[in-house]
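Commentary on secondary and tertiary structure
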Amino acid sequence: MDNEFFLLARDIHKRFGAVQALRGVDFEVRYGEVVGLVGDNGAGKSTLMKILAGALPPDRGEIWIEGKRANISSPHDSRRYGIEMVYQDLALAGNLDAPANVFMGREKTHRFWKLTTPVLHRREMEKVTGELLLRLGVQLPNLRQRVRYLSGGQRQAVAIARTLLAQAKLVIMDEPTAALGVSEAERVLDLIRRLKEEGISVVFITHRLPHIFAVCDRIVVLRAGKRVGERTTCETTMEEITQLIVGGKTDVKYERE
Amino acid sequence: MRRITAIPQLLRKLFLERATAGIFLALLAIILVTGIVNPRFFSAYNLQTLGRQLVIFGFLAIGETFVIVTGGIDLSVGSLTALLNVLLALFMTRGLGTAGGILATLAIAIAFGLWHGLFVTKLRVPAFIITLGSFVGAKGLAALITKGWPISGLPSGFSQLWEGMIFRVIPVPVLAFVVVAIFAHFLLGYTVWGRHLYAIGGDIEAARRFGIKIDALRIMAYIISALSAGVVALFIAARLNQGNPTVGTLYEMYAIAAVVIGGASLFGGEGSIIGSIVGACIISVLWNALVLMRVSAYWHEVTVGAIIVAAVTVDILRRRRIQQPG
């Protein structure tokens, strides 16, 4: 298979009862590429990403990762292939601090005073968390502050630091800037640029086209469960993407049923 | 070097982050006032009595802490104490012997915890409801088994569990409590397991996505809580030298009050063993103080009721302040 692609998805179908959410969608992500995935509500963006993240099983279709046929049937499988999803609602424990959240489920432990039970290695987890956040260009004034006291952008950084710890190769971000103000959103876009610099691929779902244009290499448009267009960011305009989203335009090669 | 930085860190954690400072100071104030009004408070005999009383509420508060940290609640521990107390006496007087009786009682406690945990996790019955069922039912079972009368005639020597002294000054139950408390504090505060309980209480959906085995952990929390009732049942049997269906009344409320006074949130995700023990100390010392001052025991219930309302209100106000920054 082609070596430039980290992930290839072919002919993905998904139906929820009477609703055909995805009707044979192809999708691909190159190594180190930031792909913007856009489309109106109900176009199938989140469904497609949940399939890649193992949260939903596809009805039909194939997924290839790093040139090999991948069998993703759970989030655990997906993570094993190096895919990490950052959810819109962030899924952090607000009552715990950043290191606890970054390491949740992968805690570092040590044996203290020759006790037989492993004990949380707080200092090590704090150190690593500080380093991960620094790689993302974020410095928290107090690492031990509970996550609920952090700003939206800082929380996003904590969620992304989790993916760095997991050594993700592809990070899927569902509407990471939706609930944020202008400067906080700008910080999140910076986080995405940092991931790209690290050679990590990113799929970025959003309704806010300027954010897509600010960081994405390529834009894929879904409409009513079908892929209706694809553009390299530097060769298109927001008007054109908007036309593709709302249905004023469909690329010829996607027109056949 | 490590030790030196650890001390201020510990102080900060105790007094600022966990908000235990206020209640710790309140405890000291109550102790001082009581001691000044009635110097007998500090007599060895009174302190030993107080210590044993603290053990009863303390054990239940420790168990309840595990459940409340996960965002649940266990209303059954008082009634379970009565039922397990009666069952223990029954087992011991019907041929199971001391060790057999204790083991059988604790096994039944575990079964009750498992029962609560399975309903809460697998059937998604609110913890409030399923443990309320045991609150009413266990009390009834205890009365049914004994037909309302105490079961006496426990093996001689069993009362040493309550009366016994280590080095002639420390009552056996107090020592047992200190050992369990240290272990529980370690479990909740320093292990991956305890950390995951906090995560469940903080945001159960997030915990699920983190890949934490939330059902197993929550079931464990209810088992620990029920086991604490089993342990208290042992000590009460040793104290009374009988199984009595009327013991344990309102104990679940004292346990929950101790945990909430200790800085836990009934919404889950907050709380600590140290805090809960300080909370249990406040309740026990208040009880002791009122007795020393010859005030009616009913005032104790009134006081504890007022403290619960105050502690929960403070927690809710604190949360509201967090939601509206600035």
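Since the model is a prediction, treat every value here as computed from it, not as a measurement.

Helix and strand content of chain A: eight helices and 12 strands. Against the globule reference of 18 Å for 257 residues, chain A gives a C-alpha radius of gyration of 19 Å, in line with a compact fold. On the principal axes, the C-alpha backbone points of chain A span a range of 70 × 40 × 35 Å. Burial statistics for chain A: of 257 residues in total, 53% are counted as buried. Sequence separation of at least 24 residues holds for 63% of the intrachain contacts in chain A that already meet a minimum separation of 6. With an accessible surface of roughly 11,900 Å², chain A has 48% of that area assigned to carbon and sulfur atoms.

One face of the sheet, then the other: side chains in a regular strand alternate in exactly this way. Residues and elements named next belong to chain A. Where strand β1 (residues 5–16) lies against strand β2 (residues 19–30), nine bridges are found, and the strand directions are antiparallel. From the neighbouring strand, Ile12 faces β2, where its bridge partner is Val25. Linkage of β1 to β2, two consecutive antiparallel strands, is achieved through a turn of two residues, within which Gly17 is found at a positive phi near 55 degrees.

Now for the nonpolar core. Formed by 144 residues in total, the largest nonpolar core has its most connected members in Phe66 and Ile212 of chain B. Examining the composition of this core, we find that 14 residues originate from one element, helix α11 (residues 214–240) of chain B, more than from any other. For Ile212 of chain B, the residues in contact, after removing those within four places along its chain, are Met104 of chain A together with His196, Ala199, Ile200, Ala207 and Leu217 of chain B. Within the second largest apolar cluster, 30 residues are counted, among which are Leu48, Met49, Leu52 and Ala53 of chain A.

Residues and elements named next belong to chain A. Structurally, Glu84 is set in strand β6 (residues 83–86). Counting along the chain gives 89 residues from Glu84 to Met173, while the straight-line C-alpha distance between them is 8.7 Å. Not counting the four nearest positions on each side in its chain, Glu84 is found in contact with Arg79, Arg106, Thr163, Ala166, Ala168, Leu170, Val171 and Ile172.

Moving on, we get to the environment of Cys234 of chain A. For Cys234 of chain A, the location among the structural elements is in the loop between β12 (226–232) and α8 (238–246). Through-space distance from the C-alpha of Cys234 of chain A to that of Asp217 of chain A is 7.7 Å; in sequence the pair is 17 residues apart.

Another point: the sheet that holds β1 of chain A. Residues and elements named next belong to chain A. Here we have four strands laid out as an open sheet, ordered β2-β1-β4-β5, and antiparallel in their pairing. Either end of the sheet is taken by a strand with one partner, and the two such strands are β2 and β5 (68–70). Strand after strand, the sheet turns through a mean of 25 degrees between neighbouring axes, direction not considered. As paired elements, strand β4 (residues 60–65) and β5 share three bridges and run antiparallel to each other. Following the sheet pairing, Trp64 is matched in β5 by Arg69.

Take the packing of helix α4 (residues 77–93) of chain B against helix α5 (residues 97–121) of chain B next. Residue and element names in this part refer to chain B. Running from N to C, α4 and α5 cross one another at 150 degrees; their axes reach a closest spacing of 8 Å. Here α5 runs roughly antiparallel to α4, going by the angle between their axes. Two packed elements cross with a definite hand, and for α4 against α5 that hand is right-handed. Judged by residue contacts, Leu80, Leu83, Leu84, Leu87, Leu88, Phe91 and Met92 of α4 engage Gly97, Thr98, Gly101, Ile102, Ala104, Thr105, Ile108, Ala109, Phe112 and His116 from α5.

Before going further, it helps to spend a moment on the packing of aromatic side chains. All names here are of chain B. Per the stated rule, a full pass over the model turns up 10 aromatic pairs over all chains. Consider the rings of Phe66 and Trp193, whose centres lie 6.1 Å apart with planes at 50 degrees: the pair is tilted. Here Trp193 lies in helix α9 (residues 192–202) and Phe66 lies in helix α3 (residues 44–69), a separation of 127 residues in the sequence. You can call Phe66 buried: its relative accessible area is 2%. In this structure Trp193 comes out as partly exposed when scored by relative accessible area, which is 23%.

A separate point is the confidence of the model for chain A. On average, chain A scores 87 in pLDDT, and the residues at 70 or more come to 95%. Between the elements of chain A, mean pLDDT differs from a low of 86, seen in strand β7 (residues 109–110) of chain A, to a high of 94, seen in helix α3 (residues 98–103) of chain A.

Below, the discussion takes up the confidence of the model for chain B. With 91% of its residues at a pLDDT of 70 or more, chain B has an overall mean of 88. The secondary-structure element of chain B with the lowest mean pLDDT is helix α1 (residues 2–17) of chain B, recorded at 56, while α11 of chain B shows the highest, at 96.

Definitions and limits used
Within each chain, residue numbers correspond to sequence positions counted from 1 in written order. The lettering of chains begins at A and the numbering of ligands begins at 1, in the order of writing. Since the coordinates come from a predicted model, pLDDT governs what is reported: local features require at least 70, and pairs of side-chain atoms require 80 or more to be given and counted, while whole-chain, interface and lining totals use all residues. Neither water nor hydrogens contribute to the side-chain values; these are computed over all heavy atoms in the structure. Only DSSP runs of H or I covering at least 4 residues are called helices, and only runs of E covering at least 2 are called strands; the numbering of each starts at the N terminus. All radius of gyration figures rest on C-alpha atoms, and the globule criterion is 2.2 Å times the number of residues raised to 0.38. Throughout, exposure labels follow a simple rule: accessible area from a 1.4 Å probe, protein chains only, divided by the maximum for the residue type, with under 20% read as buried, over 50% as exposed, and the rest as partly exposed. Note on definitions: a residue-residue contact is assigned when non-hydrogen atoms from the two residues lie within 4.5 Å. Residue-level accessible areas treat just the shown protein chains as cover; the underlying method is Shrake-Rupley with a 1.4 Å probe. By the convention used here, strands pair only if DSSP detects at least 2 bridges between them. We call a set of buried residues a nonpolar core when its members are Ala, Val, Leu, Ile, Met, Phe, Trp, Tyr or Cys and they connect through side-chain atoms within 4.5 Å of each other. Axes here refer to lines fitted to C-alpha atoms; in helices the fit is confined to the stretch in contact. Angles between the N-to-C directions go from 0 to 180 degrees. Angle categories are assigned with fixed cut-offs, so that under 35 degrees is roughly parallel, over 145 is roughly antiparallel, 65 to 115 is roughly perpendicular, and the rest are oblique. Throughout, a crossing is termed right-handed when the near helix is turned clockwise from the far one, and left-handed when it is turned anticlockwise from it by less than a right angle. For this analysis, a ring pair means two rings from Phe, Tyr or Trp (six-membered ring only for Trp) whose centres lie within 6.5 Å, classed as stacked if their planes differ by under 30 degrees, edge-to-face if by over 60, and tilted for the remaining angles. Scored from 0 to 100, pLDDT records how confident the predictor is in each individual residue.

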